Amino acid sequence: MDGYIRAENVRKIYQSGKDAVEAVSGVSFVANKGEFIAILGPSGCGKSTLLMMCGGLEQITSGKISIDGTAVTGPRPNVGVMFQDSTLLPWKTVLENILFPVKIQKRPMAEYRARAEELIEMVGLHGFADKKPHQLSGGMRQRVAICRALVTDPDILLMDEPFSALDAMTRDEMNDALLDIWDRYPKTGLFVTHSIREAVYLADRVLVMTRRPATVVADIRVPFGRPRDPSVGGLAEFNDLCNELRGMIEHKRTPLRSERTGKAA
Amino acid sequence: MSLDSSQQASAIPERAYAIGLPIAVGVAVLAVWQIGVAVSGISPVILPAPSDIVLSFNGITGELLKQGWATGSEALLAFVLSCALGLAAALVLSSSTIAFEAFYPNLVVFQIIPKIALAPLFTFWLGIAAPSRLTYAVFISFFPVALSTMTGLARADANALRLCQAIGASRWQTFFSVKVPYSLPYFFSGAKIAATMSVIGIVIGEFISANEGLGYYILRAQSYGQTARIFAALVLLCALGLLLYVLPVQAERVMRKWWRG
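Residues numbered from 1 in each chain as written. Chains lettered and ligands numbered in written order. Predicted model: local features only at pLDDT ≥ 70, side-chain atom pairs only at ≥ 80, totals over all residues.

1. Focus on the overall build of chain A
Within chain A one finds eight helices and 10 strands. Computed over the C-alpha atoms, the radius of gyration of chain A is 19 Å, within 12% of the 18 Å expected from 2.2 N^0.38 for a compact globule of 265 residues. Seen through its C-alpha atoms, chain A measures out along the principal axes to roughly 65 × 45 × 40 Å. Across the 265 residues that make up chain A, the buried fraction comes to 41%. A fraction of 71% describes how many contacts in chain A between residues 6 or more apart in sequence connect residues 24 or more apart. (Helix = DSSP H or I, 4+ residues; strand = E, 2+ residues; numbered from the N terminus. Rg over C-alpha atoms; globule rule 2.2 N^0.38 Å. Buried ≥ 20, exposed ≤ 12 C-beta atoms within 10 Å, placed from the backbone. Contact = placed C-beta atoms within 7 Å.)

2. Some thoughts on the interface of chain A and chain B
Taken together, the contact pairs 17 residues of chain A with 16 residues of chain B. The class makeup of the residues in the side of chain A that touches chain B is 10 nonpolar, five polar and two charged. (Nonpolar A, V, L, I, M, F, W, Y, C, P; charged D, E, K, R; others polar.)

3. Re the environment of A:Asp172
Residues and elements named next belong to chain A. The residue Asp-172 is located in helix α6 (residues 168–184) in this model. Residue classification places Asp-172 among the partly exposed residues on the basis of 17 C-beta atoms within 10 Å. Taking the C-alpha atoms as reference, Asp-172 lies 27 Å from Pro-101; in sequence the two are 71 residues apart.

4. Description of the environment of A:Ala218
The topology assignment puts A:Ala218 in strand β10 (residues 216–221). A:Ala218 sits 27 residues away from A:Leu245 along the chain, and the two C-alpha atoms are 9.0 Å apart.

5. Considerations on the domain arrangement of chain B
What the domain assignment reports for chain B is domain 1 (1–41) and domain 2 (50–260). Between the C-alpha centres of domain 1 of chain B and domain 2 of chain B there is a distance of 32 Å. (Domains from an automatic or database assignment.)

What follows is the structure in structure tokens.
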């Protein structure tokens, strides 16, 4: 379905006293159903704010975001969210953490319990259902967070740099795990990252954001199909695309600097 | 092998140090005290030697225990009440932002007031019997519990709160499933203060008006110049304070086990 998630000229202005900071300035994009879209940009470019607005977790200053034809005004039950931090409750076991949204949303526990157990198996956490978060490694905690985001079988998954706090090897592992998940439970995904390779490796499309103006400057289609094999990362085409994206981000940076020095002079 | 044995070898003295060192210091102080009293020939009415204090237990242990029971049972009741009331007040006052903002600064100001100075008022209001002492002890122990629990409720993990928002948790669900558990360590640090404050509160109450209890016993011994007996009562008070302190410490251990598995 075309235009499943639709953002039209979305702006976000943070007002603190007399100062106003434009965190997102006039972003428009369309995500089709079943697409995995990476939002790529340097830190502080407003990409997380954009994601949070899509999830109804931040107010939109002006413009409009709609999902499936209805405007986003607050969090929705068919949207799962993953944060940079795994945000597990330390007193709950792995299984209880995964079932936390089920409990809050008062869904039938028995039904979802089976699903949670299936998810635990799928992400390779067999035997860890009764462990507490502090007994897990960072990568395992983020796996639990994926399960928690997926347990209610949402149509949309919003991911805010979910692997950026992990070490490089664990991060690669998690990327592969996410590709697997996407093959088994196709969803519409928005994935915020500042890693160019991660964006190209995971996504069907990459939206490139810059810091100033904080907007989407390019919408690039990734020419690799699914299921996607880890060997994709070695292809010349893959590296060319990464270089192209890097060029875009750096190209947009250079005039920024001259603009600054111009102002200072 | 060699690593293991060296670790073991260093582990044992470390523990021995941790326990032995403070005990050694305590014993040294007592020894200096004992010798100092003997050498200086100071009157036992001014400062009895530790041995005099130990000997003074002879014949008064029964009475001391009876007085200790009076003080201890009241302090225990005051402690339990102040924890319950402090927790309840914190939950109610933190349930809305307006209530929190209206009451929290006032509680902080009240916490700062030297509440010992208010003790005579309580006999004025509530008479000279147990209810007056109890109310006063609860009054001074309540604030640390309420304040620190409120602080904890206000400091729940920001990420967890955002998660609650994302999954559509109601205000009450967020409050009870995230904020309250995150505030428990704060509650226990308040409860530990309350454990010592409640003993202090009861003893102050007994100083002002009582016909039993260790505070009363100390005043009576003072009027007879029985300094060793004052110290004997102090020894019992210390033991009492320790016993009461163990309660929140143990409860906190149970909580940590639940928290961390």
